[in-house]
Amino acid sequence: MKIILLSIIAIALFSCATKPVQQQQAGPPSLPVATITTGTDTTYQEYPAAIEGTVNVEIRPQVSGSLDKVFIDEGAAVSAGQPLFKINDQPYRAALNNALASQHAAEGALANARLEIEKLTPLVQNKVISDFQLKTAKATYDIAKANIEQAKANVATAQINLGYTVIKAPVAGYIGRLLKKQGSLVSPADVQELTQLSDVHDVHVYFSLSEKDFVTFKEQYPGETLKDKLKQLSGVSLLLADNTVYGKQGKVDMIDGQFDKTTGAITLRANFSNPQGLLRSGNTGKIRLSLIHKDALVVPEDATIEMQDKVFVFTVGDSSKVKKQAIDIVGKSGNNYLVKSGVKAGDQIVLSGFGNLQEGAVIHPEKAPEKVAAIAKN
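Residues numbered from 1 in each chain as written. Predicted model: local features only at pLDDT ≥ 70, side-chain atom pairs only at ≥ 80, totals over all residues. Heavy atoms only, no water.

### Focus on helix α2 (residues 90–125)
With 36 residues, α2 should reach 52 Å at 1.5 Å per residue; the first-to-last C-alpha distance of 53 Å fits that figure. Within the span of α2, buried status applies to Tyr 92, Leu 96, Ala 99, Gln 103, Ala 106, Leu 110, Ala 113, Ile 117, Leu 120 and Val 124. Check the buried side of α2 and you find it contacts α3 (131–164). (Helix = DSSP H or I, 4+ residues; strand = E, 2+ residues; numbered from the N terminus. Expected span 1.5 Å × (residues − 1). Buried < 20%, exposed > 50% of the residue type's maximum accessible area, 1.4 Å probe, protein only. Contact = heavy atoms within 4.5 Å.)

If you want it as structure tokens, here you go:
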């Protein structure tokens, strides 16, 4: 029994003695590495956007009176020329009748002046009377003729005001809230409009670019002028408030003439077709703008580590020593980062297993061809 016990102790002591030796003899860790490649890729930037109808009209009365009828309901689709409201027209019909009566009186006075000229003309020719009376009659005729023109103008004004008592839709679109109800007294001087009418068969989507983004935007597309560059710009997407993508592509068709002094941004406008009326004025969303990166350095996101708002990779140098290197990211495509600086094409980076890796550590690089293929493809 003593011999067996001594043997067990000896084996245990031998195991403890050889363990550090085995650890010292362990080689550098084997980690997968890949070579950085370049490629052309597209990234997407999203910008908050406001949606407006191509035409947004405030519907206001052009004459005063009580609102007799409201022909439409809130949110209704209306066509151009469709009646919307009717103002009490009795005062304006009376004014028209009065103007017509004045016109008829003026026409009678003109006829009477014409008869007077016809009566006096032969008397003057036969020298029965002097031509002074005829000249006076002709002056009276001219005054009567002018009175008719004035009376006709008054009739036209009265007819216009009477027509204004029926308020019609200037364009096709959708009615907003009805801010005045039947029986309300309305006037052209009112601060509050009757309602708003939006033509949303097409919509304008406004978004803004910072000065830096605008410079990048201009460099993306060929052309000497901004107008030429807009022609080369592909369609843009609209993300709705629930992050779903609107079913139709839009086209950027306008760039503001100057930067906003307060925000330092410039406004762009994209036009979207809206045949089903899914978009309304006042909607918000995001414009998704594509940016093409030529000869971009491609680095897998899994091969990076983020520390203190900076992104690093472990590059493999001479003697298989690793170095923690900060990289400047310009965009993301799928699971890859597009890198502007910090590494160059042909550099090797550690793909994984670098959680406990220290600066200057030596590794045993293992080629990962499938990773390299994935990088090149993306």
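That covers the picture; the talk isn't over yet.
### Focus: the confidence of the model for the chain
Predicted coordinates in regions of low pLDDT should not be interpreted in detail. With 90% of its residues at a pLDDT of at least 70, the chain reaches an overall mean of 84. Confidence, expressed as mean pLDDT per element, reaches its minimum in the chain at helix α6 (residues 369–377) with 45 and its maximum at strand β5 (residues 83–87) with 96. For the stretch residues 17–24, pLDDT sits under 50, and the model shows zero contacts to residues farther than four places along the chain or on other chains. With pLDDT under 50 throughout, residues 370–378 is counted as low confidence; its partners more than four residues away or in other chains account for 13 contacts. (pLDDT = per-residue confidence, 0-100.)

### Digging into the side chain of Thr 304
Relative to the helices and strands, Thr 304 is located in the loop between β13 (284–300) and β14 (305–307). Using a relative accessible area of 15% as the deciding quantity, one classes Thr 304 as buried. Side-chain polar atoms of Thr 304 contact the backbone oxygen of Glu 301, separated by 2.6 Å. Those residues in contact with Thr 304 that lie beyond four places of it in its chain are Val 299, Val 311, Phe 312, Val 313, Ile 327, Tyr 337 and Phe 354. (Polar contact = N/O pair within 3.5 Å; in protein donor to acceptor, adjacent residues only side chain to side chain.)

### Remarks on the packing of α2 against α3
Two numbers describe how α2 lies on α3: the axes approach to 8 Å, and their chain directions differ by 165°. By the angle between their directions, the pair α2 and α3 is classed as roughly antiparallel. Between α2 and α3 lies a crossing whose hand is left-handed. The residue inventory of the contact of α2 with α3, partitioned by class, reads 21 nonpolar, nine polar and eight charged. (Axes fitted to C-alpha atoms, helices over the stretch in contact; angles between N-to-C directions. Parallel < 35°, antiparallel > 145°, perpendicular 65-115°, else oblique. Left-handed = near helix turned anticlockwise from the far one by under 90°. Nonpolar A, V, L, I, M, F, W, Y, C, P; charged D, E, K, R; others polar.)

### So, the layout of surface pockets
If you add up the space inside the largest pocket, you get close to 490 Å³. Around the largest pocket, the lining is made up of 20 residues, and of these Lys 212, Thr 216, His 293, Val 330 and Lys 340 lie nearest the centre. Listed by contribution, the elements that provide at least two residues to the lining of the largest pocket are β2 (37–59), α4 (211–220), β13, β16 (322–333) and β17 (336–341). The residue makeup of the lining of the largest pocket, split by class, is 10 nonpolar, four polar and six charged. (1 Å grid on protein atoms, 1.4 Å probe; cavity = no way out; pocket = protein on both sides within 12 Å on 5 of 7 lines; lining within 4 Å. Points joined across faces, edges and corners; volume = space filled by probe spheres on them.)

### Section: the side chain of Lys 229
Position of Lys 229 among the secondary structure elements: in helix α5 (residues 226–232). Of the side chains with opposite charge, Asp 228 comes closest to the buried, unpaired Lys 229, at an N-O distance of 8.4 Å. At 2.9 Å, the side chain of Lys 229 and the backbone oxygen of Lys 218 are in polar contact. Sequence-distant contacts of Lys 229, defined by excluding residues within four places in its chain, comprise Lys 218, Tyr 221, Pro 222 and Gly 223. (Lys, Arg positive; Asp, Glu negative; His and termini not counted. Salt bridge = Lys/Arg side-chain N within 4 Å of Asp/Glu carboxyl O.)

### A word on the packing of aromatic side chains
Taken as a whole, this structure holds three aromatic pairs when the rule is applied. Pairing Phe 214 with Phe 259 gives two aromatic rings, centres 5.7 Å apart and planes at 80°, and the pair type is edge-to-face. With a gap of 45 residues between them, Phe 214 in helix α4 and Phe 259 in the loop between β11 (251–255) and β12 (265–273) connect regions that are remote in the sequence. The class of Phe 214 is buried, set by a relative accessible area of 6%. On the basis of relative accessible area, Phe 259 is assigned to the partly exposed category, the value being 31%. With 6.2 Å between their ring centres and 70° between their planes, Tyr 246 and Phe 272 make a pair best called edge-to-face. You can see Tyr 246 sitting in the loop between β10 (237–239) and β11 and its partner Phe 272 sitting in strand β12, a full 26 residues away along the chain. With relative accessibility at 10%, the residue Tyr 246 sits in the buried group. In this structure Phe 272 comes out as buried when scored by relative accessible area, which is 0%. Over the ring of Tyr 174 we find Arg 280; its NZ or CZ atom is 3.8 Å from the centre of that ring. (Phe/Tyr/Trp six-rings, centres within 6.5 Å; stacked < 30°, edge-to-face > 60°. Lys NZ or Arg CZ within 6 Å of the ring centre and 35° of its normal.)

### As for the environment of Phe 314
Looking at where Phe 314 falls in the secondary structure, it is placed in strand β15 (residues 310–316). With 12 residues separating them in the primary sequence, Phe 314 and Ala 326 have C-alpha atoms 8.9 Å apart. Not counting chain neighbours up to four residues away, the residues in contact with Phe 314 comprise Val 322, Lys 323, Lys 324, Gln 348, Ile 349, Val 350, Phe 354 and Leu 357.

### Remarks on the environment of Val 236
As for its position among the elements, Val 236 is in the loop between α5 and β10. Relative accessible area serves as the criterion here: at 1%, Val 236 is assigned to the buried category. Sequence spacing of Val 236 and Ile 287 is 51 residues, and the spatial spacing of their C-alpha atoms is 6.9 Å. The contact partners of Val 236, leaving out residues within four places of it in the chain, are Gln 249, Gly 250, Lys 251, Val 252, Ala 270, Phe 272, Ile 287, Arg 288 and Leu 289.

### Comments concerning the nonpolar core
Here is a general trend for soluble globular proteins: nonpolar side chains tend to be buried in one another's company. The biggest cluster of nonpolar side chains holds 25 residues, and the ones touching the most others in it are Phe 207, Phe 217, Phe 272 and Ile 287. It is strand β9 (residues 195–210) that provides the largest number of residues to this core, a total of five residues. One finds Leu 67, Ile 175, Leu 194 and Leu 197 within the second-largest nonpolar core, a separate group that totals 21 residues. (Core = buried A, V, L, I, M, F, W, Y, C linked by side-chain atoms within 4.5 Å.)

### A closer look at unusual backbone geometry
The backbone of Asn 243 shows a phi angle near 70°, a positive value even though the residue is not glycine. Counting through the fold element by element, Asn 243 comes out in the loop between β10 and β11. Backbone geometry at Ser 320 places phi at a positive 60°, although glycine is not the residue there.

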